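# Structural description and commentary
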Amino acid sequence: MHLQTGRLTLIAAEVAHLKAELDRSEHLGSLLAARMPADWPPGEYDRQAQEYLLDKLTRGGTSAVGWYGWYARTNGPDSVLVGAGGFIGPPDENDLVMLGFSVAQEHRGQGYATEMAHALVGWALAHDDVAAIEARTRPGNASSRRVLDKCGFREISGQGGEEEVVCRLTRQ
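Keep in mind it's a predicted model, so treat the numbers as computed, not measured.

Within the largest apolar cluster, 53 residues are counted, with the highest numbers of intra-cluster contacts made by Leu-10, Tyr-71, Phe-87, Ile-133 and Phe-153. A per-element tally of this core places helix α4 (residues 112–125) first, with 9 residues.

Structure, rendered in structure tokens:
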């Protein structure tokens with residue numbers, strides 16, 4: 001499954017992608033038809049997150065694809081993997097999904113996170129059983145807050161505590 005934006009192709013993570021990624025294999029780049037950045041994986045998208053996604057996709061099968069990880073690569077012949085994002089799973093009992101995203105250090109500040117987040121928000125809201133999307137970030141992460149603001153998220157008062165800020169986008 002793919003999503004297209006002006007500069008990016010987002011590819012829904014599948015079991016083969018995550019197995020290659022966990023093996024630290026350049027095979028992931030081949031599967032995604034993209035050059036791997038030197039600092040992969042980016043930010044909080046660490047081995048623990050990759051193992052979580054692999055477990056959920058293995059258990060969920062093809063119906064789980066899209067509700068977990070997505071890879072973002074640039075369009076064009078010299079494609080490069082710039083980031084990863086996605087959801088913690090399908091909508092919960094409150095029709096809520098949790099969004100996360102991270103961009104490789106060398107590609108930050110170029111609008112890729114906003115482009116990726118917009119595409120993922122659009123994909124989630126295209127599903128009738130999604131009423132709201134939440135994202136959590138650290139209070140000092142101004143870049144993530146700007147991305148969330150640009151995508152229409154608003155901070156939820158009294159949520160998250162000192163260590164994180166919870167932002168929500170509700171279907172209009």
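So much for the structure itself; the text now carries on.
Right, let's talk about the pattern of salt bridges for a bit. Evaluated as defined, the whole model comprises 8 salt bridges. Of the charged contacts in the structure, one is a salt bridge between Asp-55 and Arg-59, with a shortest N-O distance of 3.0 Å. Of this pair, Asp-55 and Arg-59 both sit in helix α3 (residues 47–60), 4 residues apart, which is roughly one turn of the helix. Classification of Asp-55 as partly exposed rests on a relative accessible area of 30%. In this structure Arg-59 comes out as exposed when scored by relative accessible area, which is 68%. The partner of Arg-145 in a salt bridge is Glu-155, and the shortest N-O contact between them spans 3.2 Å. On the criterion of sequence distance, the pair formed by Arg-145 in helix α5 (residues 142–150) and Glu-155 in strand β7 (residues 154–155) is long-range, its members being 10 residues apart. What makes Glu-155 partly exposed here is its relative accessible area of 45%. Because the salt bridges share partners, they merge into one network encompassing Glu-134, Arg-136 and Arg-168.

A few words now on unusual backbone geometry. Looking along the chain, the bond that leaves Trp-40 and enters Pro-41 is cis, with omega of 5 degrees. Within the secondary structure, Pro-41 is located in the loop between α2 (27–32) and α3. Of note in this structure, Ala-33 is not a glycine but carries a positive phi near 55 degrees. Note on placement: Ala-33 falls in the loop between α2 and α3.

Let's shift gears to the packing of helix α1 (residues 15–22) against α3. The contact between α1 and α3 brings their axes to 9 Å, and the two run at 150 degrees. With respect to their mutual orientation, α1 and α3 come out roughly antiparallel. Judged by the sense of rotation from one axis to the other, the crossing of α1 with α3 is left-handed. Residues Val-15, Leu-18, Lys-19, Glu-21 and Leu-22 of α1 pack against Arg-47, Gln-50, Glu-51, Leu-53, Leu-54, Leu-57 and Thr-58 of α3. The class makeup of the residues in the contact of α1 with α3 is 6 nonpolar, 2 polar and 4 charged.

Reading the values: rules and limits
Residues numbered from 1 in each chain as written. Predicted model: local features only at pLDDT ≥ 70, side-chain atom pairs only at ≥ 80, totals over all residues. Heavy atoms only, no water. Core = buried A, V, L, I, M, F, W, Y, C linked by side-chain atoms within 4.5 Å. Buried < 20%, exposed > 50% of the residue type's maximum accessible area, 1.4 Å probe, protein only. Helix = DSSP H or I, 4+ residues; strand = E, 2+ residues; numbered from the N terminus. Salt bridge = Lys/Arg side-chain N within 4 Å of Asp/Glu carboxyl O. Axes fitted to C-alpha atoms, helices over the stretch in contact; angles between N-to-C directions. Parallel < 35°, antiparallel > 145°, perpendicular 65-115°, else oblique. Left-handed = near helix turned anticlockwise from the far one by under 90°. Contact = heavy atoms within 4.5 Å. Nonpolar A, V, L, I, M, F, W, Y, C, P; charged D, E, K, R; others polar.

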